[in-house]
Amino acid sequence: MSECHLELTNVGIEFPTPKGPFRALREVDLKIDKGEFISLIGHSGCGKSTVLNIVAGLYEATEGGVLLNGKEVSSPGPERAVVFQNHSLLPWLTAYENVELAVDQVFKKQKSSAEKREWIEHNLKLVHMDHAMHKRPDEISGGMKQRVGIARALAMQPEVMLMDEPFGALDALTRAHLQDSLMEIQKELNNTVIMITHDVDEAVLLSDRIVMMTNGPAATIGEILKVELPHPRDRLALADDPQYNHYRSEVLRFLYEKQRKVDH
Amino acid sequence: MNPLKWAFIEPFYKLAIGEDRKGQINLLIRAIGLPLAGILVFLLLWQGAASNINTSLGQFPGPVQTFEQFQNLEAEAEEAAVKEERFYKRQEERNARKLERDPDAEIRVRDYVGPPTFFDQIGRSLVTVMSGFILASVIAIPLGILIGLSNSAYAAFNPLIQIFKPVSPLAWLPLVTMVVSALYVTDDPMFDKAFLNSMFTVMLCCLWPTIINTAAGVATVTQDLKNVSRVLNLNWWTHVRKIVLPCSIPMMFTGLRISLGIAWMVLIAAEMLAQNPGLGKFVWDEFQNGSSDSLGRIMVAVIVIGIVGFLLDRGMMLLQKVVSWDKTADIR
């Protein structure tokens, strides 16, 4: 068996409830290469976040397991940085201090304080937040908060970036800006990314592969779509691209024909 | 933003430079006129009611008699200060003479032991209440954090706290008195037993609101922030310091302010019973004294107790504004 970067093998999870165990996931198998950008897409409640949380180590799978560089993942760690849906910045710290908390923790003794400062500023610059470094979360917009959240994750120098609907709460224009930033950063750093999204365009634009999940309970991977569009991708140029539109309709077909959400 | 900014100067300043005259005058009437009117109505009602109540110690004191007694208490304090000064002067002269006669003479320096004045009593009360309150906070804040961090600990301790919370200081005091006399046995006591009795009673009564509110504040740390802490692998101490503490400060201060309010109320009762010098003892002594001035002097104490309680609460509010990270929060 060849060693791969990140490997999910037969992952399943059951949550205990007063009415007996609830099976959220079953038989999730996925192999991810270094530098690959994976989107998880599916209807709400299909266990996308559960998959992400298992990779993050925040949940423990009841069956199967996750291997990162051949080592089993059992607890959270900064090599699997998470960008949370609602930014999760500490409201009493400035943008700089929020990133600093992560940097101090990850590079405790490896970097001098001057190096740390430089590294924090570098990451904030990467997400175009260097102009508002010393503002607190309540003084900046939602998009800016999410940028800081990304900077905090990047500053941990993670092997894998896990993004839980990072742009879900943002308006369309801000979202487009951040997607462009993310593509730039991804090109520069070549991070492995797993991103949850509800947005079909976002998935096609950013991903190398789109993992489409079936509806829960006991959700699993339905189809995997390989997006073979050349990088760098330009949203304007792609809008009329037949290949792009083909991928788009593939995802739509999966979501709205094969896995139509049944309203209860 | 400076929490100590003197906001009330602004309307006067604007009036002076002639900006928005009408608005500023309205503002001043609201901010100063209405409270003054309220106080005036209260004083009139008080005067009216007082003149109709005759007690065995004479007529119930109205605002005028009360103010007279306040002036008397001031005069007595001044007198006492003069006496004290004279005492030390006499002592010095006596010792100087002694040394003149015999350079090897053993001289004694005694402290002045006059009866405490009303203002001394206020000071003593404040020392006692702050000792009890600080001691309680030092115990209650860490305990509240520990209890708040774990659902099991919360479930285990919550019933106990709820049971102890409503217990009156008058029920604790006899127990505290006996325990203190049993355990605090020393030939050279650093603290007066009456002081310890009052302080521990205050402490026992003002532990609970701080514990409960701190624990509730700790429980407001969202799962998101806990996840951040886990992903960063923060150790327990950093987690508490960087995430739990700032998050729980608003609730913690709510608890501290309730506790300090209770502490001040409890203190007066404790001092009465424990005979610890302070405002409570002052009230009790005046009641036992039973002179025609007594009720007026007690009335002075009542008003002073109210004002000091109010100032203590304002003090805590200022402290909260200084400590809190959220300077925009409306703290009232």
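No experiment lies behind these values; they were computed from the predicted model shown.

S.K.: Looking at this structure, I do not really get the packing of helix H9 (residues 236-274) of chain B against helix H10 (residues 279-289) of chain B. What am I missing?
M.R.: Any two packed helices are characterised by the angle at which their axes cross and by the distance between the axes. Residues and elements named next belong to chain B. Across the interface, H9 lies against H10 with an axial gap of 7 Å and an inter-helix angle of 45 degrees. What the angle tells us is that H9 and H10 run oblique. Our pair here, H9 against H10, has a crossing hand that is right-handed. Taking contact as the criterion, the partners of Trp-264, Ile-268, Glu-271 and Met-272 in H9 are, on H10, Leu-279, Gly-280, Lys-281, Val-283 and Trp-284. Among the residues forming the contact of H9 with H10, the class breakdown is six nonpolar, one polar and two charged.

S.K.: Just to check I follow, could you spell out helix H2 (residues 95-106) of chain A for this structure?
M.R.: An α-helix turns once per 3.6 residues; consequently, residues spaced three or four apart project the same way. Helix length check: H2 of chain A, at 12 residues, gives a terminal C-alpha distance of 17 Å against a target of 16 Å (1.5 Å per residue), a fit within 8%. Counted residue by residue, H2 of chain A has nine buried out of 12 residues, so it is predominantly covered. What H2 of chain A keeps buried is the set Ala-95, Tyr-96, Asn-98, Val-99, Leu-101, Ala-102, Val-103, Gln-105 and Val-106 of chain A. Those residues of H2 of chain A hidden inside the fold are in contact with helix H3 (113-126) and helix H4 (142-155) of chain A together with H9 of chain B.

S.K.: What should I look at first to understand the interface of chain B and chain A in this one?
M.R.: Many analyses report the size of an interface as the accessible area lost when the parts associate. On the side of chain A, 22 residues touch chain B, which itself brings 17 residues to the contact. A per-residue breakdown of the area chain B buries against chain A is headed by Val-231, Leu-232 and Trp-325 of chain B, which together make up 38% of the total. One can count zero salt bridges joining chain B with chain A. One can count five residue pairs in polar contact (both at pLDDT 80 or more) joining chain B with chain A. Contributions of two or more residues to the side of chain B that touches chain A are made by helix H8 (223-231) and H9 of chain B. Top element by residues in the side of chain B that touches chain A is H8 of chain B. It accounts for six residues.

The rules behind these values
Residues numbered from 1 in each chain as written. Chains lettered and ligands numbered in written order. Predicted model: local features only at pLDDT ≥ 70, side-chain atom pairs only at ≥ 80, totals over all residues. Heavy atoms only, no water. Axes fitted to C-alpha atoms, helices over the stretch in contact; angles between N-to-C directions. Helix = DSSP H or I, 4+ residues; strand = E, 2+ residues; numbered from the N terminus. Parallel < 35°, antiparallel > 145°, perpendicular 65-115°, else oblique. Left-handed = near helix turned anticlockwise from the far one by under 90°. Contact = heavy atoms within 4.5 Å. Nonpolar A, V, L, I, M, F, W, Y, C, P; charged D, E, K, R; others polar. Expected span 1.5 Å × (residues − 1). Buried < 20%, exposed > 50% of the residue type's maximum accessible area, 1.4 Å probe, protein only. Buried area = accessible area lost by both parts, 1.4 Å probe. Salt bridge = Lys/Arg side-chain N within 4 Å of Asp/Glu carboxyl O. Polar contact = N/O pair within 3.5 Å; in protein donor to acceptor, adjacent residues only side chain to side chain.

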